[in-house]
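# Structural characterization, general
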Amino acid sequence: MIVDHEIARAEASLARLEGRRDAVRERAAGMTREIELAKGRLAVKDQVEAFIEAVHGSASRRNLAAFETLLTALVQEVLPGEKPVALELSTERGLASLDVCVKRPDGSLEDVLEDNGGALTNVIGMALRLIAVVKADVARFLALDEADCWIAPERVSSFYKVLEDGAARLGVQCFAVSHHDLSQFSGKFHIARVVGEAQTGVEVLSPDCSAAWEDAQPGLRFIRLVNVQAYADTTLRLSPGVNALIGPNNRGKSTFIRALRAVFYGEARDSLVRAGAKSATVEIGVAGKRILRFTRQPRRSPVNVWSLHEADGSIVEDKGMRYETG
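Reference entry: report on the structure contained in this document. The structure displayed is predicted, hence computed values, not measured ones.

Scoring rules and cut-offs
- Residues numbered from 1 in each chain as written.
- Predicted model: local features only at pLDDT ≥ 70, side-chain atom pairs only at ≥ 80, totals over all residues.
- Heavy atoms only, no water.
- Helix = DSSP H or I, 4+ residues; strand = E, 2+ residues; numbered from the N terminus.
- Rg over C-alpha atoms; globule rule 2.2 N^0.38 Å.
- Buried < 20%, exposed > 50% of the residue type's maximum accessible area, 1.4 Å probe, protein only.
- Contact = heavy atoms within 4.5 Å.
- Areas by Shrake-Rupley, 256 points an atom, 1.4 Å probe, with all protein chains shown as cover.
- Expected span 1.5 Å × (residues − 1).
- Salt bridge = Lys/Arg side-chain N within 4 Å of Asp/Glu carboxyl O.
- Core = buried A, V, L, I, M, F, W, Y, C linked by side-chain atoms within 4.5 Å.
- Axes fitted to C-alpha atoms, helices over the stretch in contact; angles between N-to-C directions.
- Parallel < 35°, antiparallel > 145°, perpendicular 65-115°, else oblique.
- Nonpolar A, V, L, I, M, F, W, Y, C, P; charged D, E, K, R; others polar.
- Pairing = 2+ DSSP bridges.
- Phe/Tyr/Trp six-rings, centres within 6.5 Å; stacked < 30°, edge-to-face > 60°.

## Observations concerning the overall build of the protein chain
Helix and strand content of the protein chain: five helices and 16 strands. A compact globule built from 326 residues would reach a C-alpha radius of gyration of about 20 Å, whereas the protein chain, at 32 Å, exceeds it by more than 25%. Expressed along its principal axes, the backbone C-alpha trace of the protein chain runs to roughly 120 × 65 × 40 Å. Per-residue burial over the protein chain gives 36% buried out of 326 residues. Pairs at least 24 residues apart make up 53% of the contacts formed inside the protein chain by residues separated by at least 6 positions. Of the roughly 19,800 Å² of accessible surface on the protein chain, 53% is carried by carbon and sulfur atoms.

As structure tokens, then:
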């Protein structure tokens, strides 16, 4: 009986050891297969990476070709006879770089920013900004300062027609500052004028365009400046399409661009505050009759305050959040 019991124990132990042996063999076989696959991947690594790079390059070239065609068409609409636009992808310091050029008749390239500049740069800059606003897939608003709109007098009509057509097709609200009298070029523009003198105070004359807006439609309804540089209290009304602020030089047209940068980027200095005033306020009308307010208050903390207000003036509160911050 004792011998039979010991034999049974030995057989059970042998069975367990055989089971472990089979598991180890299976695991070893699996690891061998994985090693072989890894070696195979390593063997073709360079070819795969080259293939992926070629595919990405081909896709990038197709995208660039489409943009080159679009930019060339826009440029030649404003500047007939101008050379075609060429986009060159490269790397600088390990990062992707894109050079915007024009192609000379001999095939060589001329960098738009470094070798050309002027009107051509502004036309391409306008087009790239429109593309960027749409690609960003956020609120579609484009602001162009006077320097961004510089163009020869005989090309002003074409420049703004391209801006008007592009904005309409892409659904972008535009605000452009210009010293040209644009009223002669298009009846579709909403044109406001700066009047007065910087020393005695300036204001903006802009027609009411509230009828052009639907209540929930995205976009900026107006920009109001209170004690902002030369403006004591003035309102620039905006339409859903292309808006232009015109007037003589040195009257404060670009103050509206600085006000927008203060509100949306926090780029504000104490010089924004009108001489003798304790603070400067920028109000922007948005959808739902709400008002976005920015206040610059020197020698106080916080120096910049943002708040969002309902039509009745109360600060917006939603889901326990009060829309006011410094």
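## Digging into helix H3 (residues 118–136)
Structurally, the α-helix is built with 3.6 residues per turn, so residues lying three or four positions apart point the same way. The terminal C-alpha atoms of H3 lie 27 Å apart, and with 19 residues this matches the ideal 27 Å at 1.5 Å per residue to within 8%. Considered for burial, the residues of H3 that qualify are Ala119, Leu120, Thr121, Asn122, Val123, Ile124, Gly125, Met126, Ala127, Leu130, Ile131 and Val133. At the C-terminal side of H3, aspartate 137 shows a positive phi close to 55°.

## Some words on the pattern of salt bridges
This structure, assessed with the given rule, holds 15 salt bridges. A salt bridge links glutamate 110 to arginine 104; the nearest nitrogen and oxygen atoms lie 3.2 Å apart. Between arginine 322 and glutamate 324 there is a salt bridge, with the nearest N and O atoms lying 3.4 Å from each other. Given the relative accessible area of 40%, glutamate 324 is considered partly exposed. One salt-bridge network, in which partners are shared between bridges, spans Arg224, Asp233, Glu283 and Arg293.

## Overview of the nonpolar core
Judged by nonpolar contacts, the single largest core of 38 residues is most densely connected at Ile151, Phe159, Tyr160, Leu163, Cys174 and Leu182. Contributing elements (two or more residues each) for this core: helix H1 (2–78), strand S1 (85–92), strand S2 (95–103), H3, strand S4 (141–144), helix H4 (156–170), strand S5 (173–178) and strand S10 (242–246). Ranked by residue count, the leading element in this core is H3, at nine residues. Grouped together as the second largest cluster of nonpolar side chains are 31 residues, Phe175, Val204, Ile223 and Ala259 included.

## As for the packing of H3 against H4
The relative placement of two packed helices is expressed as an angle between their axes plus a distance between the axes. Running from N to C, H3 and H4 point in directions that differ by 10°, and their axes come no closer than 11 Å. In this view, H3 runs roughly parallel relative to H4, as classed from their interaxial angle. The segment H3 lies against H4, with Asn122, Val123, Met126, Leu130 and Val134 engaging Phe159, Val162, Leu163, Gly166 and Leu170. When grouped by side-chain class, the residues that make up the contact of H3 with H4 number eight nonpolar, two polar and no charged.

## Describing the sheet that holds S1
Backbone hydrogen bonds hold the strands of a sheet together, and the pairing may be parallel or antiparallel. The antiparallel open sheet is built from three strands, whose spatial order is S1-S2-S3. Of all the strands in the sheet, the pair left with one neighbour each is S1 and strand S3 (109–111). Ignoring which end each strand starts from, the neighbouring axes of this sheet average 45° apart.

## Topic: the pairing of strand S7 (residues 201–205)
Working note: regular strand, side chains alternate between the two faces of the sheet. Residues Val202 and Val204 of S7 are buried on one face, while the alternating residues Gly201, Glu203 and Leu205, pointing to the opposite face, are not. In this sheet, S7 lies alongside strand S6 (residues 190–197) in antiparallel orientation, the contact comprising five bridges. Its bridge partner lying in S7, valine 194 is registered against valine 204.

## Some points on the packing of aromatic side chains
Scanning the entire structure with this criterion turns up four aromatic pairs. Ring centres 5.2 Å apart and planes at 75° place the aromatic pair phenylalanine 159 and tyrosine 160 in the edge-to-face group. Of the two residues, phenylalanine 159 and tyrosine 160, both sit in the buried class. Members of the aromatic cluster, joined through ring pairs, are Phe159, Tyr160 and Phe189.

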